[in-house]
Amino acid sequence: MTPFIHLAAEAAAAERKSAEVTDWAARIGWVVGLLLFVALMYWLMRQGWKWRAVLQSDLPELPAAPETPGEAKLSMSGRYHGSTTAGQWLDRIVAHGLGTRSRAELTLTDAGLEVVRPGAADFFVPAAALREARLDKGIAGKVLAEGGLLVVTWQHGDKQIDSGFRSDRAAEHTAWVEAINSMTRISTEGTAR
């Protein structure tokens with residue numbers, strides 16, 4: 001056997017030996033470091049959410065629904081996707097629980113819009129505070145197909161707010177837009193006289 005073939009055989013025999021043992025201390029260190037980084041990111045997001053609530057603390061308390069709101073013009077079951085400053089679809093409002101996404105039951109009466117949210121704070125928008133309704137495609141962290149979101153604009157204190165809803169039956173959105181906009185036209189015509 002020539003020396004070259006002998007060396008090649010020794011190299012092949014060395015390759016057949018077991019693989020290198022994993023350095024468990026380094027691997028555990030990386031996993032712990034990654035978990036700490038993820039925990040830090042979640043903590044920073046929570047702090048940002050709390051800070052946003054502090055900045056919006058000047059927003060008045062939400063009005064409660066009246067004892068007898070009247071006969072329901074429309075009702076809808078669906079999802080509440082959040083509220084933003086009107087016209088600024090990424091400026092989420094988190095004060096008074098308005099930033100919490102949830103299931104929602106909406107009822108429109110002559111008194112206003114009642115939003116019942118299981119697991120989150122309910123709120124009521126008086127008819128005089130309603131400004132308009134429209135179909136849109138997105139609001140603070142939720143983007144849908146064009147016209148897939150019912151956005152109701154309302155006045156609360158000195159701030160106009162857009163609240164986004166999506167019905168379980170999206171075909172209902174158009175009727176809601178027409179009903180709310182006709183209510184706001186009637187109220188603005190009544191105050192103009």
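Residues numbered from 1 in each chain as written. Predicted model: local features only at pLDDT ≥ 70, side-chain atom pairs only at ≥ 80, totals over all residues. Heavy atoms only, no water.

### Notes on the overall build of the protein
Looking only at helices and strands, the protein features 3 helices and 10 strands. In the protein, the succession of helices and strands from N to C terminus is α-α-β-β-β-β-β-β-β-β-β-β-α. Summarising the internal contacts of the protein: among those between residues at least 6 apart in sequence, 61% fall at separations of at least 24. (Helix = DSSP H or I, 4+ residues; strand = E, 2+ residues; numbered from the N terminus. Contact = heavy atoms within 4.5 Å.)

### A few points about the nonpolar core
Within soluble globular proteins, side chains that are nonpolar generally end up buried alongside one another. Residues F123 and F165 are the most contacted members of the largest nonpolar core, which totals 28 residues. No other element matches the 5 residues that helix α3 (residues 173-192) contributes to this core. In this view, F123 contacts L62, Y80, L98, L113, E114, V115, R117, W154, S163 and F165; residues no more than four positions away in its chain are not counted. (Core = buried A, V, L, I, M, F, W, Y, C linked by side-chain atoms within 4.5 Å. Buried < 20%, exposed > 50% of the residue type's maximum accessible area, 1.4 Å probe, protein only.)

### Things to note about the pattern of salt bridges
One pass over the full model with this rule turns up 6 salt bridges. For E132, the salt bridge goes to R134, with nearest N and O atoms at 3.9 Å. Look at E132 and you get partly exposed, because its relative accessible area is 34%. Across the pair E172 and R169 runs a salt bridge whose closest N-O atoms are separated by 3.0 Å. (Salt bridge = Lys/Arg side-chain N within 4 Å of Asp/Glu carboxyl O.)

### What about unusual backbone geometry?
Positive phi values are uncommon outside glycine, yet H96 reaches one of about 60°. In this structure, H96 sits in the loop between β2 (92-93) and β3 (102-108). On the accessibility criterion, H96 (26% relative accessible area) is partly exposed.

### Let's talk about the environment of A65
As for its placement among the helices and strands, A65 is situated in the loop between α2 (24-55) and β1 (74-85). Sequence-wise, A65 and D122 are 57 residues apart; in three dimensions their C-alpha atoms are separated by 8.9 Å.

### Describing the environment of R92
Position of R92 relative to the elements: it lies in strand β2. Those residues in contact with R92, other than ones at most four positions away along the chain, are W49, R52, Q56, H81, G82, S83, T84, G99, R101, A140 and G141. Reaching out from R92, the side chain makes a polar contact with the backbone oxygen of G99 at a distance of 3.2 Å. (Polar contact = N/O pair within 3.5 Å; in protein donor to acceptor, adjacent residues only side chain to side chain.)

### A short note on the environment of L150
Of note, L150 is situated in strand β9 (residues 149-156). A sequence separation of 13 residues divides L150 from S163, and the C-alpha atoms of the two residues are 8.1 Å apart.

### Some points on a nonpolar patch on the surface
A cluster of nonpolar residues, L34, F37, V38, L40, M41, Y42, W43, L44 and M45, forms a patch on the protein surface that exposes about 930 Å² of accessible area. Among the secondary structure elements, W43 is positioned in helix α2. (Patch = residues over 30% accessible without salt bridge, like charges linked within 9 Å, V, L, I, M, F, W, Y side chains within 5 Å. Areas by Shrake-Rupley, 256 points an atom, 1.4 Å probe, with all protein chains shown as cover.)

### Observations regarding the packing of aromatic side chains
What the rule picks out here adds up to 3 aromatic pairs. Both rings, one in F123 and one in W154, keep their centres 5.9 Å apart while their planes meet at 15°; by these two values the pair is stacked. Here W154 lies in strand β9 and F123 lies in strand β5 (residues 123-126), a separation of 31 residues in the sequence. Under the relative-accessibility criterion, F123 is labelled buried at 3%. We classify W154 as buried; its relative accessible area is 1%. One aromatic cluster is present, built from ring pairs that chain together Y80, F123, W154 and F165. (Phe/Tyr/Trp six-rings, centres within 6.5 Å; stacked < 30°, edge-to-face > 60°.)

### Quick look at the side chain of T153
Note that T153 resides in strand β9. On the basis of relative accessibility, which here comes to 3%, the residue T153 falls in the buried class. Of the polar contacts made by the side chain of T153, one reaches the side chain of D162; its length is 2.5 Å. Not counting the four nearest positions on each side in its chain, T153 is found in contact with A86, A129, L130, R131, E132, R134, Q160, I161 and D162.

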